[in-house]
Amino acid sequence: MAPTRRELGRVAARRAAVLGVGRVAGQRAEALLDAEPAAVLVSLGFAGGLDPSLRPGDLVVAGAYRRPDGETVGDAGPAAQASAVLEGGGSAVSAGVVLTVDEPMLTPDSKRRARAGSDGLVVDMEGFWVAAAAEARGVPHIGLHCVLDEAGFALPAFVAAIAADPPRRQWAQALRALRSGGARDVAALALRARTAARVLRESAGVVLGAVDAGAGGAGAANVEPCSPTA
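Nothing here was measured: the structure is a model prediction, and the numbers come from that model.

Before going further, it helps to spend a moment on the packing of aromatic side chains. Enumeration according to the criterion identifies one aromatic pair in this entry. When the ring of phenylalanine 128 is compared with that of tryptophan 129, the centres are 4.9 Å apart and the planes differ by 80°; the resulting orientation is edge-to-face. You'll find phenylalanine 128 and tryptophan 129 in the same group, each marked buried. Taking NZ or CZ as reference, arginine 192 lies 3.8 Å from the ring centre of phenylalanine 153, over its face.

Okay, the environment of alanine 196 next. With respect to the element layout, alanine 196 can be found in helix H7 (residues 183-214). Residues alanine 196 and phenylalanine 46, 150 residues apart in the sequence, show an inter-C-alpha distance of 7.0 Å.

In this fold, arginine 201 is placed in helix H7. You can call arginine 201 exposed: its relative accessible area is 56%. Distance in space between the C-alpha atoms of arginine 201 and leucine 144 is 9.9 Å, their sequence separation being 57 residues.

Okay, helix H2 (residues 76-88) next. If you check H2, its first and last C-alpha atoms are 18 Å apart, about what 13 residues at 1.5 Å a residue would give, namely 18 Å. Here H2 has its buried residues at Pro78, Ala79, Gln81, Ala82, Ser83 and Leu86. Looking at where H2 begins, the residue whose side-chain oxygen comes 2.9 Å from the main-chain nitrogen of glycine 77 is aspartate 75. The first or second residue beyond H2 is glycine 90, which carries a positive phi of 95°.

The subject of this paragraph is the side chain of aspartate 124. Examined against the element boundaries, aspartate 124 turns out to sit in strand S6 (residues 120-124). Of the side chains with opposite charge, arginine 67 lies nearest to the buried aspartate 124, which makes no salt bridge, at 7.7 Å. Of the polar contacts made by the side chain of aspartate 124, one reaches the side chain of threonine 100; its length is 2.8 Å. At a separation of 2.7 Å, a polar atom in the side chain of aspartate 124 contacts the main-chain amide nitrogen of glycine 127.

About the criteria used
Residues numbered from 1 in each chain as written. Predicted model: local features only at pLDDT ≥ 70, side-chain atom pairs only at ≥ 80, totals over all residues. Heavy atoms only, no water. Phe/Tyr/Trp six-rings, centres within 6.5 Å; stacked < 30°, edge-to-face > 60°. Buried < 20%, exposed > 50% of the residue type's maximum accessible area, 1.4 Å probe, protein only. Lys NZ or Arg CZ within 6 Å of the ring centre and 35° of its normal. Helix = DSSP H or I, 4+ residues; strand = E, 2+ residues; numbered from the N terminus. Expected span 1.5 Å × (residues − 1). Polar contact = N/O pair within 3.5 Å; in protein donor to acceptor, adjacent residues only side chain to side chain. Lys, Arg positive; Asp, Glu negative; His and termini not counted. Salt bridge = Lys/Arg side-chain N within 4 Å of Asp/Glu carboxyl O.

Okay, here's the thing in structure tokens:
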């Protein structure tokens, strides 16, 4: 599968990279694409549900990324093709707008307000910046997101601390939560994350295989924003 009306040249072999959370993910995507130009950029990430119909483990393909001020990036063409490939393989997929925010939405009320003020299906913290990096370089981008916390689910407060820390320090925050009596919350999130990660791996395999076939073996960059949630 190759995006329509785009010529895909020969590129470096497929590469995976963890980009992190927030704007830094966009900066790392820029560095990745500048170092190893890609035919297509496929990014994977967890997301918080804004649409009440979405459940944990549901897959969303980003048709566009929107900031709270309305600024938007994204190409609906690659998203539509990715959705068709996934649906053709038997996966249930939703396609639509991903709202990218600066801080985690921990409560059902915050998600309800975000849903009322936008057309976002889910919310994350890095998708806009990754998509903007690809768009600025003329690289088609496909964003795959799996719901970690549904609209009515309240996230524990330590998620905000984890999201604010560099990846190497996030384990320390999780350990701190365990020591302070949050073992049940940590275990519940870990279970959700395991399910979401499996869905993303399987979906990425299908999409990347189709990209490779459509690009004549040119390959694609496969990146993992690795957000704990939004």
